[in-house]
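Single-letter residue listing:
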Amino acid sequence: MPQDRPVLRVEGKDDKFVIENLLSRHGIDHRLVDIKWSEQGGDDDHGGKDPLLEGMKLAVTTSTGKAVGFVLDADGSPETRWQGVRTRLDDVLALPDEIPEGGFVGDATAFEARVGVWLMPDNRGSGAIEDFLQGLVDDEDA
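From a predicted model like this one, the values you see are computed outputs, not experimental measurements.

## A few points about the overall build of the protein chain
Looking only at helices and strands, the protein chain features five helices and five strands. Counted from the first residue to the last, the protein chain has its helices and strands arranged as β-α-β-α-α-β-α-β-β-α. Computed over C-alpha atoms, the radius of gyration of the protein chain comes to 15 Å, within 12% of the 14 Å expected from 2.2 N^0.38 for 142 residues, which places it in the range of a compact globule. By principal-axis analysis of the C-alpha atoms, the protein chain measures approximately 50 × 35 × 30 Å.

Shown next, in the form of structure tokens:
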């Protein structure tokens, strides 16, 4: 696989597994995207929202010429999580005050990077990737 693949940063190894499988399920080769679940980018046990948030600026500033995306759980307050994202990226990228309903995609022109942010489960409400997955299962499916 080419080394200039877009990078998608997620909170943990379970999130990585879920996204890889969702991509594959929809006919997209997940190997076309470099999915990383820790701030260091390795497969260690240091994942989670804090390392992901803390590594956002560095991920953007070092992604020159590549797209970089972030998928985070909104948890209890999507507004609070969005403010955390804005705080980390405010000097490299202009983000709106309110969470964009369809997710955020913008350009960090100084770094020639396209940047995307999505808050699970639906970029609007409280919850996590698990809530998104639960919504994919029919209520009648045991």
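Having seen the model, we can carry on.
## A word on the layout of surface pockets
By volume, the largest pocket amounts to about 200 Å³. Within the residue set of the lining of the largest pocket, elements represented by two or more residues are β1 (7–10), β3 (67–73), β4 (104–108) and β5 (113–120). A class-by-class count of the residues in the lining of the largest pocket yields 13 nonpolar, two polar and one charged.

## Focus: the sheet that holds β1
In spatial order, the strands read β2-β1-β3-β5-β4; together these five strands make up an open sheet with mixed pairing. In the strand order of this sheet, the two ends are held by β2 (34–36) and β4, each with one partner. Here the strands of the sheet are splayed against their neighbours by 20 degrees on average, with no regard to which way each runs. Against the sheet, helix α4 (residues 78–89) contacts β3, β4 and β5, and its axis sits at roughly 160 degrees relative to β5.

## Some remarks on the nonpolar core
Membership of the largest hydrophobic core comes to 23 residues, with the highest contact counts inside it found for Phe-70, Leu-72, Val-85 and Val-117. For this core, the secondary structure elements donating two or more residues are α2 (49–54), α3 (56–61), β3, α4, β4 and β5. Ranked by the residues each element gives to this core, the list is headed by β5, at four residues. Listed in part, the nine residues of the second largest apolar core include Leu-8, Val-10, Val-18 and Trp-37.

## Description of the packing of helix α1 (residues 13–25) against helix α5 (residues 129–136)
Between α1 and α5, the shortest axis-to-axis distance is 11 Å and the interhelical angle comes to 35 degrees. The two elements α1 and α5 cross, and the hand of that crossing is left-handed. Judged by residue contacts, Asp-15, Val-18, Ile-19 and Leu-22 of α1 engage Ile-129, Phe-132, Leu-133 and Leu-136 from α5. Classifying every residue of the contact of α1 with α5 gives seven nonpolar, no polar and one charged.

## So, α4
Helical geometry note: an α-helix holds 3.6 residues per turn, so side chains three or four residues apart project in the same direction. Its 12 residues place the ends of α4 16 Å apart at the C-alpha level, agreeing with the 16 Å of an ideal helix rising 1.5 Å per residue. If you check which residues of α4 are buried, you get Pro-78, Arg-81, Trp-82, Gly-84, Val-85 and Leu-89. Down the axis of α4, the sector holding all buried residues measures 155 degrees, keeping them to one side. Those residues of α4 that are exposed and angled more than 90 degrees off the buried face are Thr-80 and Thr-87. Elements that come into contact with the buried residues of α4 comprise α2, α3, β3, β4 and β5.

Rules of the game
Residues numbered from 1 in each chain as written. Predicted model: local features only at pLDDT ≥ 70, side-chain atom pairs only at ≥ 80, totals over all residues. Heavy atoms only, no water. Helix = DSSP H or I, 4+ residues; strand = E, 2+ residues; numbered from the N terminus. Rg over C-alpha atoms; globule rule 2.2 N^0.38 Å. 1 Å grid on protein atoms, 1.4 Å probe; cavity = no way out; pocket = protein on both sides within 12 Å on 5 of 7 lines; lining within 4 Å. Points joined across faces, edges and corners; volume = space filled by probe spheres on them. Nonpolar A, V, L, I, M, F, W, Y, C, P; charged D, E, K, R; others polar. Pairing = 2+ DSSP bridges. Axes fitted to C-alpha atoms, helices over the stretch in contact; angles between N-to-C directions. Contact = heavy atoms within 4.5 Å. Core = buried A, V, L, I, M, F, W, Y, C linked by side-chain atoms within 4.5 Å. Buried < 20%, exposed > 50% of the residue type's maximum accessible area, 1.4 Å probe, protein only. Left-handed = near helix turned anticlockwise from the far one by under 90°. Expected span 1.5 Å × (residues − 1). Arc of directions from axis to C-beta.

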